[in-house]
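# Survey of secondary and tertiary structure
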Amino acid sequence: MQEIRKREIRKTANSVREKCKVSGYGIRDLFNECERLGYKLIRYPLGENAELGFATQKDKDKIIFTNSSSRLSREIFTLAHEIGHCMLHLEEGSSFIDDNGTISGKTTDEKEQEANYFAAHFLMPEEEISRYLDLEINYDTGEDLSVLDIARIMSEFSVSFDMILNHLENLGKITTHEHVRLDNEKNSKRVGNLLKSVGGNSNLNIASKTVSIPYEYIEYAIYNYNHNVIPKETLEEVLKCYNLTIEDISDKLVEHVEDELDELDDLIGGLPD
């Protein structure tokens, strides 16, 4: 990615962050901030091996989905990543489906790299992480950070241990050697225990399993069912979230023969029984 593009993305991330409520150094509840930013957010536990999230646009609505079966810290990064897609790439009729490989691993896809870069600087701007390291940890570049220091940063910025290590290395705050050392130490001590030992937010290391669906999503589900995108079973699962049945909305449905290949279930893994 060229430096001029990185600068553009950092400016965009900063402009979006300025619209969010920040407590201390980090955005405390990005899920609540979504409405302020103008997005329709859907959270649903699809399972640990399902896709992490997606962003799409229907009419004037920008819709973001996150898989709440992911660890909370990863789900937060997924949400920031999808906001990045919305700000940088989303156009009418387009969508971005993100899995464990595109967000948590290395990717050669330019737009995925840009969304990752946006998310990192949106959640942890360089000036804020530098200020935290200076004022809260009294850290100078070249010194050794401890895994407890990383746990404190993790809790303050509501991000994952791995994301912090990657970001600190990219910012030149730690070396590759330090990255490996801290990662190995983390694996031996476990992140949940580290968070508890510093009085941090241990919920970051577990999945919330939250179900949060805007009421308008009923109309999206009906639209997708009527256009042969989702099967009846998926529509029924959506309706259960609102304590509704097929009979309650039968007047809005178009009868059709379902395709053998369910496009949406292929993309987001389907809703669990």
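The rules behind these values
Residues numbered from 1 in each chain as written. Predicted model: local features only at pLDDT ≥ 70, side-chain atom pairs only at ≥ 80, totals over all residues. Heavy atoms only, no water. Helix = DSSP H or I, 4+ residues; strand = E, 2+ residues; numbered from the N terminus. Expected span 1.5 Å × (residues − 1). Buried < 20%, exposed > 50% of the residue type's maximum accessible area, 1.4 Å probe, protein only. Salt bridge = Lys/Arg side-chain N within 4 Å of Asp/Glu carboxyl O. Polar contact = N/O pair within 3.5 Å; in protein donor to acceptor, adjacent residues only side chain to side chain. Contact = heavy atoms within 4.5 Å. Axes fitted to C-alpha atoms, helices over the stretch in contact; angles between N-to-C directions. Parallel < 35°, antiparallel > 145°, perpendicular 65-115°, else oblique. Nonpolar A, V, L, I, M, F, W, Y, C, P; charged D, E, K, R; others polar. Phe/Tyr/Trp six-rings, centres within 6.5 Å; stacked < 30°, edge-to-face > 60°. Lys NZ or Arg CZ within 6 Å of the ring centre and 35° of its normal.

## Notes on helix α3 (residues 72-88)
Each turn of an α-helix holds 3.6 residues, which means side chains three or four residues apart point in the same direction. In this model, α3 (17 residues) spans 24 Å end to end at C-alpha, consistent with the 24 Å of a helix rising 1.5 Å per residue. By the criterion of burial, α3 is predominantly enclosed, with 15 of the 17 residues buried.

## Section: the pattern of salt bridges
If you walk through the whole model with that rule in mind, you get 15 salt bridges. Among the salt bridges present, the one from Arg181 reaches Glu178, with a minimum N-O distance of 2.6 Å. Of the two residues, Arg181 and Glu178 are both situated in helix α9 (residues 176-189); the distance of three residues between them amounts to about one turn of the helix. Looking at Arg181, the relative accessible area reads 25%, which means it is partly exposed. On the basis of relative accessibility, which here comes to 10%, the residue Glu178 falls in the buried class. What you see here is one network of salt bridges that share partners, running through Glu178, Arg181, Glu185 and Lys189.

## A short note on the environment of Lys173
With respect to the helices and strands, the residue Lys173 is situated in the loop between α8 (161-170) and α9. Considered as a pair, Lys173 and Asp140 are 33 residues apart in the sequence and their alpha carbons are 8.4 Å apart. Within the local environment of Lys173, its side chain forms a polar contact with the side chain of Ser130, the two groups lying 2.9 Å apart.

## With respect to the side chain of His167
Within the fold, His167 resides in helix α8. The class for His167 is buried, based on a relative accessible area of 4%. For His167, the side chain forms a polar contact with the main-chain oxygen of Met124, separated by 2.8 Å. Sequence-distant contacts of His167, defined by excluding residues within four places in its chain, comprise Ala120, His121 and Met124.

## What to know about unusual backbone geometry
If you check the backbone angles, Arg190 has positive phi at about 70 degrees while not being a glycine. Structurally, Arg190 can be placed in the loop between α9 and α10 (191-197). Take Arg190: its relative accessible area is 62%, and that puts it in the exposed class.

## Section: the packing of helix α1 (residues 3-17) against α3
Two elements in contact, α1 and α3, have axes whose closest approach is 11 Å; the angle formed by their N-to-C orientations is 110 degrees. The orientation of α1 relative to α3 falls into the category roughly perpendicular. Residues Arg5, Ile9, Thr12 and Val16 of α1 lie in contact with α3, whose contacting residues are Ile83, Met87 and Leu88. Partitioning the contact of α1 with α3 into residue classes produces five nonpolar, one polar and one charged.

## Focus: the environment of Gly192
Counting through the fold element by element, Gly192 comes out in helix α10. Separated by twelve residues in the primary sequence, Gly192 and Leu204 place their C-alpha atoms 8.3 Å from one another.

## Considerations on the packing of aromatic side chains
Applying the stated criterion across every chain yields a total of five aromatic pairs. An angle of 10 degrees between the planes, with centres 5.3 Å apart, marks the rings of Phe54 and Phe65 as stacked. Here Phe54, found in strand β4 (residues 53-58), pairs with Phe65, found in strand β5 (residues 61-67); they are eleven residues apart in sequence, far enough to count as distant. On the basis of relative accessible area, Phe54 is assigned to the buried category, the value being 11%. Its relative accessible area of 5% is what places Phe65 among the buried residues. With 5.9 Å between their ring centres and 80 degrees between their planes, Tyr132 and Phe157 make a pair best called edge-to-face. Separated by 25 residues along the polypeptide, Tyr132 in helix α6 (residues 126-135) and Phe157 in helix α7 (residues 147-157) bring together distant segments of the chain. The exposure classification of Tyr132 matches that of Phe157, with both residues buried. In this arrangement the basic side chain of Arg43 is found over the ring face of Phe31, its NZ or CZ atom lying 3.6 Å from the centre.

So far we have only geometry, and geometry alone does not tell us how the molecule works.
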